[in-house]
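Read off the chains here:
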Number of protein chains: 2
Amino acid sequence: MLQSKLFTKTRKEAPKDEVSRNAELLIRAGYIHKEMAGVYDFLPLGLKVLNKINQIIREEMDAIGGEEVSLSILQLPDRFEKTGRWSDEKVDNWFKTKLKNDSELGLGLTHEEPLVEILKDHINSYRDLPCYIYQIGPKFRNELRAKSGIMRGREFSMKDMYSFTTSKEETDAFFESCTEAYKKVFARLGIGDRTYKTLASGGIFTTDYSVEFQTLAETGEDTIYIAPDKSIAYNKEILDKATTEFNLKVDEMTTVRSIEVGNIYKLGKIYTEPLGLRYKTETGEERPVDMGCYGLGPSRIMGTIAEIYNDDRGLIWPLSIAPFKVHLVEVTRGEDTQVKAEAEKLYSYLEEAGVEVLWDDRTIGAGEKFADADLIGIPYRVVVSERTIAAGKYELKVRSSGEVTSVSERELLVLPGILKEK
Amino acid sequence: MLQSKLFTKTRKEAPKDEVSRNAELLIRAGYIHKEMAGVYDFLPLGLKVLNKINQIIREEMDAIGGEEVSLSILQLPDRFEKTGRWSDEKVDNWFKTKLKNDSELGLGLTHEEPLVEILKDHINSYRDLPCYIYQIGPKFRNELRAKSGIMRGREFSMKDMYSFTTSKEETDAFFESCTEAYKKVFARLGIGDRTYKTLASGGIFTTDYSVEFQTLAETGEDTIYIAPDKSIAYNKEILDKATTEFNLKVDEMTTVRSIEVGNIYKLGKIYTEPLGLRYKTETGEERPVDMGCYGLGPSRIMGTIAEIYNDDRGLIWPLSIAPFKVHLVEVTRGEDTQVKAEAEKLYSYLEEAGVEVLWDDRTIGAGEKFADADLIGIPYRVVVSERTIAAGKYELKVRSSGEVTSVSERELLVLPGILKEK
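Residues numbered from 1 in each chain as written. Chains lettered and ligands numbered in written order. Predicted model: local features only at pLDDT ≥ 70, side-chain atom pairs only at ≥ 80, totals over all residues.

## What to know about the overall build of chain A
Line of reasoning, step 1. Looking only at helices and strands, chain A features 12 helices and 23 strands.
Line of reasoning, step 2. The dimensions of chain A, computed from C-alpha atoms along their principal axes, are 80 × 60 × 45 Å.
Line of reasoning, step 3. Of the contacts formed within chain A by residues at least 6 apart in sequence, a portion of 69% connects residues at least 24 apart. (Helix = DSSP H or I, 4+ residues; strand = E, 2+ residues; numbered from the N terminus. Contact = placed C-beta atoms within 7 Å.)

Given below as structure tokens:
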């Protein structure tokens, strides 16, 4: 893409009311726009990043048998009344609205109830199970305050998967397979090393643990306790229970700040029972379906990565989710047609090889272009100038390390992660 | 995909309260679920169709310079107050909600105002124009009644593009280029022949016409008048004006029922002026930006196509948006391992060639499978049975024509539209 055609511009200052590092950088670099606290728009660069995160998640959910759907945002009260989640005393962060006939609706904050209702049309027998259904789309939570940028939104995107099985054992098995899928997602997103499977309370309905996935970040809202062997972590609410049960000592654990980027729960029959989602066993007996739910927050993950991977000059995207792989910067003096032609040649070469390139073809100074490139944070910056033409090689700067080298066209194509996966 | 893994089941009857043909068929075939009047969920098959429609639209919008964004659903009142579109007396179909501090928000029904606000951060000079920005996402309209299935929703999907230029002339030029892009979209969607560019009133702010794209359908809510040479149509509201201006006689025109699937408007400065989106000309003069808007309804288009292309046995999808290209039906008698093996061989062959296949591997009767295949409406049905194995060829049935022939593996691959575009 030609940068001169990108409508967004970078800016030196974020809005004064923006207190989070992730949103400050993402706004300054033109990825997002702030509508109000906790509500952001995704501009072209931001939507590219978000779509890449979504696609990685989608591939891993499909790989474990997920079927994708898109459920409505407007929600009927009746099914939430049956599970005790409609009244504002029980769930205090609904956004509610009204039809013309004055009947109340909610804006989807979670989708267990409507999906269970849908499945009543499709599940009859043990032969119809298991099924694993997910969507990626907007969720709404009416938070009193929202000051963490896109890490905690009033309107945010979520991948919510729900498993439906014949038994707790089957749910347990899928719980493990989803845990493994999540690990693959985090590895592909570039946060595998710093994201911990974290045991948390299973909620009031079960003695089982639930699992959170917590990514280390100094500005995180959560605190977790990492086991000495680093294999697992525990959250604060179950720390006492965990130390007793697993014979751990708190002072041998590492205490860190973190951000919850995903969570998985065993739900058992707490929604299927009151809503009447049952299946017939082989012997014709009717039983409630067993259920689990598996959340990931794509916009929160984007915010977390922006929050973690940056320096005082700007963002530093992992290759897998960067909006472009190469930021091609032409450095011309006025109407320098030779440099322009060389930049165009390289642009075509890379695009034809399947490399995503943002070509800074603007007629502004080199200093401004380099500052923008650092702020936008594309992994590989390649400069074309009179000097590089004279040298017969391009100048490559790796955004994450700052390392500068001279490379040929062909050497660019073998850089790690520069080509699309598969 | 294996049909045994698809969680949706077909059904003989649609819900009793469903009065529209499109939703009746789409629900019976398992594409969608009805939450309430005008609000539907997209199940795996339905989401596949919707995504294909979205992708065709996206490609054609990108081809004319569109930049994709995703704007928030929650909307602040202030900008709509400035353009006179907040109060319920002016715009009577808002869904409204409230933050915890009791301040009102709206659910996005259109996005001129928030996008103009965003652009105030990015547009300063004539050099920053033109730009063409679009999104594909949910819109909300609080309709008193909604009984046209997914052809008219309270929650529905929309592609809304907005052009920002320095002058009316530039807007006019993009208006034409978008008209051509829309024609390509309709042709690719399989409704090109029956979709008319239709002149309509430009609204109270302009003497220009606006353009609607109207698709012929007996159950359509609109009436249009097609000119004798079939090149253009006129809607009812401007019929008198059009006959005078273009010297046409109403009784020489063809009067038909139709569905509005898209519309484009020249907005001039009606939003940019009150909201203060200005640019500097070459001579440093400040002027309001000129604007146009260009809508298409992906979910409405899906409903329209379902409404038009069906017979008494079910849906008949155009190849470009069918959820799968081939419905592979194995007809076995009990544990017929030879037929299963042959079906598996063909499935792998087609998948490897890039053909999207739904393989009916279920252990149910042939009659039930054929009825489901007709209802689901995938363009090519291919049967594998003892008889086809004996004949050394597969049985092919074209859903749209009903034509049945015998074909080899290789002959399947050259069927029109069976391979993915490009």
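## Observations concerning the pairing of strand β13 (residues 254-268) of chain B
Residues and elements named next belong to chain B.
Line of reasoning, step 1. In this sheet, β13 lies alongside strand β10 (residues 209-216) in antiparallel orientation, the contact comprising six bridges. When the sheet's bridge partners are listed, Phe-213 is paired in β13 with Gly-262.
Line of reasoning, step 2. Relative to β13, strand β11 (residues 222-226) is paired through five bridges, and the arrangement is antiparallel. Pairing of Tyr-225 across the sheet is with Thr-255, part of β13.
Line of reasoning, step 3. As defined by bridge partners, β13 adjoins strand β16 (residues 290-296) across six bridges and the pair is classed as antiparallel. Residue Tyr-265 lies in a different strand from β16, and its bridge partner there is Cys-293. (Pairing = 2+ DSSP bridges.)

## As for unusual backbone geometry
In terms of backbone geometry, most residues other than glycine have negative phi values and most peptide bonds are trans.
Residue and element names in this part refer to chain A.
Line of reasoning, step 1. Following Leu-129, the chain continues to Pro-130 via a peptide bond in cis, the omega torsion being 0 degrees.
Line of reasoning, step 2. Mapped onto the elements, Pro-130 comes out in the loop between α4 (112-119) and β7 (131-140).
Line of reasoning, step 3. Of note, the phi angle at Lys-230 is positive, near 65 degrees, even though the residue is not glycine.
Line of reasoning, step 4. Structurally, Lys-230 can be placed in the loop between β11 (222-226) and β12 (233-235).
Line of reasoning, step 5. Of the residues examined, Lys-230 has 9 C-beta atoms within 10 Å and is grouped as exposed. (Buried ≥ 20, exposed ≤ 12 C-beta atoms within 10 Å, placed from the backbone.)

## Some remarks on the environment of Met36(B)
Line of reasoning, step 1. Mapping Met36(B) onto the fold places it in strand β1 (residues 32-36).
Line of reasoning, step 2. For Met36(B) and Ser72(B), which are 36 residues apart along the polypeptide, the C-alpha to C-alpha distance reads 23 Å.

## A short note on the domain arrangement of chain A
All names here are of chain A.
Line of reasoning, step 1. One can read the domain layout of chain A as domain 1 (3-311) and domain 2 (326-413).
Line of reasoning, step 2. Taking only C-alpha atoms, the centre of domain 1 and the centre of domain 2 are 39 Å apart.
Line of reasoning, step 3. Domain 1 puts six residues into the contact, and the matching count from domain 2 is nine residues.
Line of reasoning, step 4. Partitioning the side of domain 1 that touches domain 2 into residue classes produces two nonpolar, three polar and one charged. (Domains from an automatic or database assignment. Nonpolar A, V, L, I, M, F, W, Y, C, P; charged D, E, K, R; others polar.)

## Side note on the sheet that holds strand β4 (residues 74-75) of chain A
Residue and element names in this part refer to chain A.
Line of reasoning, step 1. Spatially, three strands are ordered β4-β6-β5 in an open sheet, and the strand pairing comes out antiparallel. Each end of this open sheet is capped by a strand with a single partner; those strands are β4 and β5 (96-98).
Line of reasoning, step 2. Across two bridges, β4 lies against strand β6 (residues 104-107) in antiparallel orientation. Following the sheet pairing, Gln-75 is matched in β6 by Gly-106.

## Topic: the interface of chain B and chain A
Line of reasoning, step 1. Counting residues at the interface gives 39 residues for chain B and 39 residues for chain A.
Line of reasoning, step 2. Of all the elements in the fold, those that place two or more residues in the side of chain B that touches chain A are β1, β2 (39-42), α2 (44-63), β3 (66-68), β5 (96-98), α4 (112-119) and β7 (131-140) of chain B.
Line of reasoning, step 3. Among the elements that line the side of chain B that touches chain A, the one with the most residues is β2(B), at four residues.
Line of reasoning, step 4. Its residues placed into classes, the side of chain B that touches chain A shows 22 nonpolar, seven polar and 10 charged.

## Digging into the nonpolar core
Line of reasoning, step 1. Membership of the largest hydrophobic core comes to 225 residues, with the highest contact counts inside it found for Leu328(A) and Leu328(B).
Line of reasoning, step 2. Among all residues touching Leu328(B), those that are not within four sequence positions of it are Ala343(B), Leu346(B), Tyr347(B), Val357(B), Leu358(B), Trp359(B), Asp360(B), Val382(B) and Val384(B). (Core = buried A, V, L, I, M, F, W, Y, C linked by C-beta atoms within 7 Å.)

## Regarding the relation of the copies chain B and chain A
Two copies of a chain can be linked by a rotation about an axis combined with a shift along that same axis.
Line of reasoning, step 1. Of the transformation superimposing chain B on chain A, the axial component is 0.0 Å and the angular component is 180 degrees, with the fit at an RMSD of 0.0 Å. This pairing of chains is accounted for by a two-fold axis. Nearest to the rotation axis, the C-alpha of Thr97(B) is located 2.5 Å from it, this being the minimum over chain B.
Line of reasoning, step 2. Both copies share a contact surface, since 100% of the interface residues of chain B are interface residues in chain A too. (Least-squares fit on C-alpha atoms with pLDDT ≥ 70 in both.)

## Some points on the sheet that holds β5(B)
Residue and element names in this part refer to chain B.
Line of reasoning, step 1. Ordered by their spatial adjacency, three strands build an open sheet running β4-β6-β5, and the pairing between neighbours is antiparallel. Two strands close off the open sheet at either side, each with one partner strand: β4 (74-75) and β5.
Line of reasoning, step 2. Strand direction decides the pairing type here: β5 and strand β6 (residues 104-107), joined by three bridges, are antiparallel. Across the sheet, the residue bridging to Lys-98 is Glu-104, located in β6.

## Brief notes about helix α10 (residues 366-376) of chain B
Line of reasoning, step 1. Here α10(B) has its buried residues at Asp372(B), Ala373(B), Asp374(B) and Ile376(B).
Line of reasoning, step 2. For α10(B), the elements touching its buried residues are α2, β18 (314-315), β19 (326-330) and β21 (380-384) of chain B.

## What about the environment of Gln3(B)?
All names here are of chain B.
Line of reasoning, step 1. Mapped onto the elements of the fold, Gln-3 is located in the segment before α1 (21-28).
Line of reasoning, step 2. For Gln-3, a count of 21 C-beta atoms within 10 Å translates into the label buried.
Line of reasoning, step 3. Through-space distance from the C-alpha of Gln-3 to that of Leu-328 is 9.6 Å; in sequence the pair is 325 residues apart.
Line of reasoning, step 4. Apart from residues lying up to four places away in sequence, Gln-3 is in contact with Leu-358, Trp-359, Asp-360, Asp-361 and Arg-362.

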